[in-house]
Amino acid sequence: MFPVLFTIGPIRVETYYVFWSLALCLMVVWTRKRAVDRYGISFPDATDILLYMLFGVFIGATVGGYFDNWSRFADSPLKILHFWESGLSSGPGFLGGGLLGLYKIRKLSVSVNSFAEAASVPTSFMLFVGRWGCFFNGCCHGLPNDGACAVVFPSHPGQTVLPTQLFESFAALAIGVLLLFLERKRDRTVERGESSVLLWPLFLILYGSYRSVFDFLRAGDRIFGLRVGQYMGVLALLVGLGWLFYSKKMTGTTKKDKSP
């Protein structure tokens, strides 16, 4: 593939970081615009929350990278100090960003549901773009396979593996398109006061589902038989189901209170 996009003298511009940087910028700019224009959150509040989230994403993804590659650090424990070698893990990154973002949201007294809904669609498209960086870099690939969709990465010459990066990318794209469709359809119910939070819990449910399944096809270290992404996927799935159930319950209670 193309792990190095181009070089400027001794500087290597790696495709992985270019794609993920673009993906994060897309998520930040689009989420802030949606939060302000669509969900009534002030520009300064949306900006502050996103800055906290980005910091949390970096911490979570870095820590998660240690567990994703635990065998490397188990062999040489002192390597844990080389944080730049840990790699990045998206599932723990979501967790870190979510926790710090939630802290800032509560601190600013902003609606958790409103900000989460604003972030739902951009987050899906962020994953769609970012996973192409993984594909071009040759990381996060699948298990050896000789099927029609298998590919060869320069890091594993002569070995065909599943391009699980693309599986996840297109799954994220499908989720994003679905959420956009549901959001437009839901606009009519918002005018009648019948809406409850939907997009973010649904994103968590669908994201958690595909991570739980696709990571069985991923190569790499496993902890008690499962990858870190699968544990994060199950957590996302459960949180999404709980969030959706609680939201529907509260909406039903509100309707009963308003009924004559």
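None of these values were measured; they are calculated from a predicted model. (Residues numbered from 1 in each chain as written. Predicted model: local features only at pLDDT ≥ 70, side-chain atom pairs only at ≥ 80, totals over all residues. Heavy atoms only, no water.)

Caption draft 1: Looking closely at the overall build of the protein chain. Each helix and strand counted, the protein chain has 8 helices and 4 strands in total. Order of helices (α) and strands (β) in the protein chain, N terminus to C terminus: β-β-α-α-α-α-α-β-β-α-α-α. Out of the 260 residues belonging to the protein chain, those deemed buried represent 42%. Roughly 13,900 Å² of accessible area belongs to the protein chain as shown, and the carbon and sulfur atoms make up 69% of that amount. (Helix = DSSP H or I, 4+ residues; strand = E, 2+ residues; numbered from the N terminus. Buried < 20%, exposed > 50% of the residue type's maximum accessible area, 1.4 Å probe, protein only. Areas by Shrake-Rupley, 256 points an atom, 1.4 Å probe, with all protein chains shown as cover.)

Caption draft 2: How the structure looks around the pattern of salt bridges. Taken as a whole and judged by the stated rule, the model has 10 salt bridges. A salt bridge links aspartate 37 to lysine 33; the shortest N-O distance between them is 2.8 Å. One end of the pair, aspartate 37, and the other, lysine 33, are both in helix 1 (residues 15-37), 4 residues apart, so they sit about a helical turn from each other. Under the relative-accessibility criterion, aspartate 37 is labelled exposed at 54%. Each of Arg131, Glu168, Arg211, Asp215, Arg218 and Arg227 takes part in a single network of salt bridges with overlapping partners. (Salt bridge = Lys/Arg side-chain N within 4 Å of Asp/Glu carboxyl O.)

Caption draft 3: Spatial organisation of a nonpolar patch on the surface. Taken together, the side chains of Tyr17, Phe55, Phe58, Ile59, Val63, Phe67 and Leu88 present a nonpolar region at the surface, about 700 Å² in accessible area. It is helix 2 (residues 43-68) that provides the largest number of residues to the nonpolar patch, a total of 5 residues. With respect to the helices, strands and loops of the structure, isoleucine 59 is situated in helix 2. A residue is classified by how much of its surface remains accessible, and isoleucine 59, at 38% relative accessible area, is partly exposed. (Patch = residues over 30% accessible without salt bridge, like charges linked within 9 Å, V, L, I, M, F, W, Y side chains within 5 Å.)

Caption draft 4: Representation of the packing of helix 4 (residues 90-108) against helix 5 (residues 112-137). The N-to-C vectors of helix 4 and helix 5 enclose an angle of 155°; their axes lie 13 Å apart at closest approach. As far as their axial angle goes, helix 5 and helix 4 are roughly antiparallel. Considering the relative orientation of helix 4 and helix 5, their crossing is right-handed. On the side of helix 4, the interface is formed by Ser90, Phe94, Leu102, Ile105 and Arg106, while helix 5 contributes Val112, Phe115, Thr123, Met126, Leu127 and Arg131. In the contact of helix 4 with helix 5, the residues fall into 7 nonpolar, 2 polar and 2 charged. (Axes fitted to C-alpha atoms, helices over the stretch in contact; angles between N-to-C directions. Parallel < 35°, antiparallel > 145°, perpendicular 65-115°, else oblique. Left-handed = near helix turned anticlockwise from the far one by under 90°. Contact = heavy atoms within 4.5 Å. Nonpolar A, V, L, I, M, F, W, Y, C, P; charged D, E, K, R; others polar.)

Caption draft 5: Quick look at the packing of aromatic side chains. Scanning all chains against the criterion turns up 18 aromatic pairs. On the numbers, 5.5 Å between centres and 50° between planes, the contact of tryptophan 30 with phenylalanine 125 is tilted. Of this pair, tryptophan 30 sits in helix 1 while phenylalanine 125 is found in helix 5, placing the two residues 95 residues apart along the sequence. Judged by relative accessible area, which is 26%, tryptophan 30 ranks as partly exposed. The class of phenylalanine 125 is buried, set by a relative accessible area of 15%. When the ring of phenylalanine 94 is compared with that of phenylalanine 203, the centres are 6.2 Å apart and the planes differ by 75°; the resulting orientation is edge-to-face. (Phe/Tyr/Trp six-rings, centres within 6.5 Å; stacked < 30°, edge-to-face > 60°.)

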